[in-house]
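# Results of the structural survey
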Amino acid sequence: MRLRLALAAALLLTGCHPVGPDYKVPDEALVNAPTAAGAFVGSVEKSVNTAEPPDKWWMLYRDERLNGLVDQALTANTELKVAGANIARAQAALAGAEDATIPSTKIEGGAEWTQLSGEQYLL
C-alpha cells in the first residue's frame with residue numbers, strides 16, 4: 001500500500017515540473033484574446049436571456065436535417081408514452097388502494113309474500 005502511495009505521489013510530482021525561466025506564452029493563446037480580458041457576464045446582465053425558450057427551439061437553427069431528426073424522435077419515442085401510461089396506471093392503483101382503506105358497510109333488506117297454489121300444496 002505504501003509503495004502504491006509513493007508511486008502515485010511521484011507521478012503527481014512529475015507533472016508539476018517547472019517550465020523554465022525562458023517560457024513565453026504564445027501570441028495565439030486564448031488568454032491573450034481581447035474577449036478573455038473582459039468582465040464576466042452574469043445573469044443580471046442584459047446579454048443573458050432568462051425567458052422561456054420557444055416550444056420548437058431547435059427550428060431556430062434552420063437545419064432541415066435537425067428538424068427531421070427531432071420530428072422522428074418525437075413521433076417514434078414510445079418510451080415516453082409508455083412511461084406516461086405507467087404513471088397513470090400507478091396513480092389509479094394508488095387511488096384504488098386508498099379507497100380500500102375507507103371503512104364500508106352494507107345493509108340489505110327485503111320483503112317477500114308468497115301463496116302456495118293448490119297443486120303445490122298437494123305435492
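Residues numbered from 1 in each chain as written. Predicted model: local features only at pLDDT ≥ 70, side-chain atom pairs only at ≥ 80, totals over all residues. Heavy atoms only, no water.

### Regarding the overall build of the protein chain
The secondary structure content of the protein chain amounts to four helices and zero strands. When the helices and strands of the protein chain are placed in sequence order, the string is α-α-α-α. Of the roughly 12,600 Å² that the protein chain leaves accessible, carbon and sulfur atoms contribute 61%. (Helix = DSSP H or I, 4+ residues; strand = E, 2+ residues; numbered from the N terminus. Areas by Shrake-Rupley, 256 points an atom, 1.4 Å probe, with all protein chains shown as cover.)

### Here's the deal with helix H2 (residues 64-76)
Here H2 spans 18 Å end to end across 13 residues, near enough to the 18 Å set by a 1.5 Å rise per residue. Of the residues that open H2, the one with a side-chain oxygen 3.2 Å from the backbone nitrogen of Arg65 is Asp63. (Expected span 1.5 Å × (residues − 1). Polar contact = N/O pair within 3.5 Å; in protein donor to acceptor, adjacent residues only side chain to side chain.)

### What to know about the pattern of salt bridges
A pair can form between side chains of opposite charge whenever their charged atoms are brought close. The final tally for this structure, using the stated rule, is two salt bridges. Here Lys24 ties to Asp27 by a salt bridge, and the two come within 3.3 Å at their closest N and O atoms. Each member of the pair, Lys24 as well as Asp27, carries the same accessibility label: exposed. Between Glu108 and Lys106 there is a salt bridge whose closest N-O contact spans 3.1 Å. By the burial criterion, Glu108 is exposed, and Lys106 matches it. (Salt bridge = Lys/Arg side-chain N within 4 Å of Asp/Glu carboxyl O. Buried < 20%, exposed > 50% of the residue type's maximum accessible area, 1.4 Å probe, protein only.)

### Observations concerning the packing of aromatic side chains
Summed over all chains, the structure comprises one aromatic pair. Pairing Trp57 with Trp58 gives two aromatic rings, centres 5.9 Å apart and planes at 85 degrees, and the pair type is edge-to-face. (Phe/Tyr/Trp six-rings, centres within 6.5 Å; stacked < 30°, edge-to-face > 60°.)

### Describing unusual backbone geometry
A positive phi is found at Arg62, a non-glycine position, where the angle reads about 55 degrees. Looking at the secondary structure, you find Arg62 in the loop between helix H1 (2-14) and H2.

### Side note on the environment of Lys24
With respect to the element layout, Lys24 can be found in the loop between H1 and H2. A polar contact of 3.3 Å, which involves the side chain of Lys24, links it to the side chain of Asp27.

### What about the side chain of Asn67?
Within the element layout of this structure, Asn67 appears in helix H2. Setting aside its immediate chain neighbours within four residues, Asn67 contacts Trp58 and Met59. (Contact = heavy atoms within 4.5 Å.)

### So, a nonpolar patch on the surface
Together, Tyr23, Val25 and Val31 make up a nonpolar patch on the protein surface, roughly 300 Å² of accessible area in all. By secondary structure assignment, the location of Tyr23 is in the loop between H1 and H2. Exposure remark for Tyr23: the relative accessible area of 52% places this residue in the exposed category. (Patch = residues over 30% accessible without salt bridge, like charges linked within 9 Å, V, L, I, M, F, W, Y side chains within 5 Å.)

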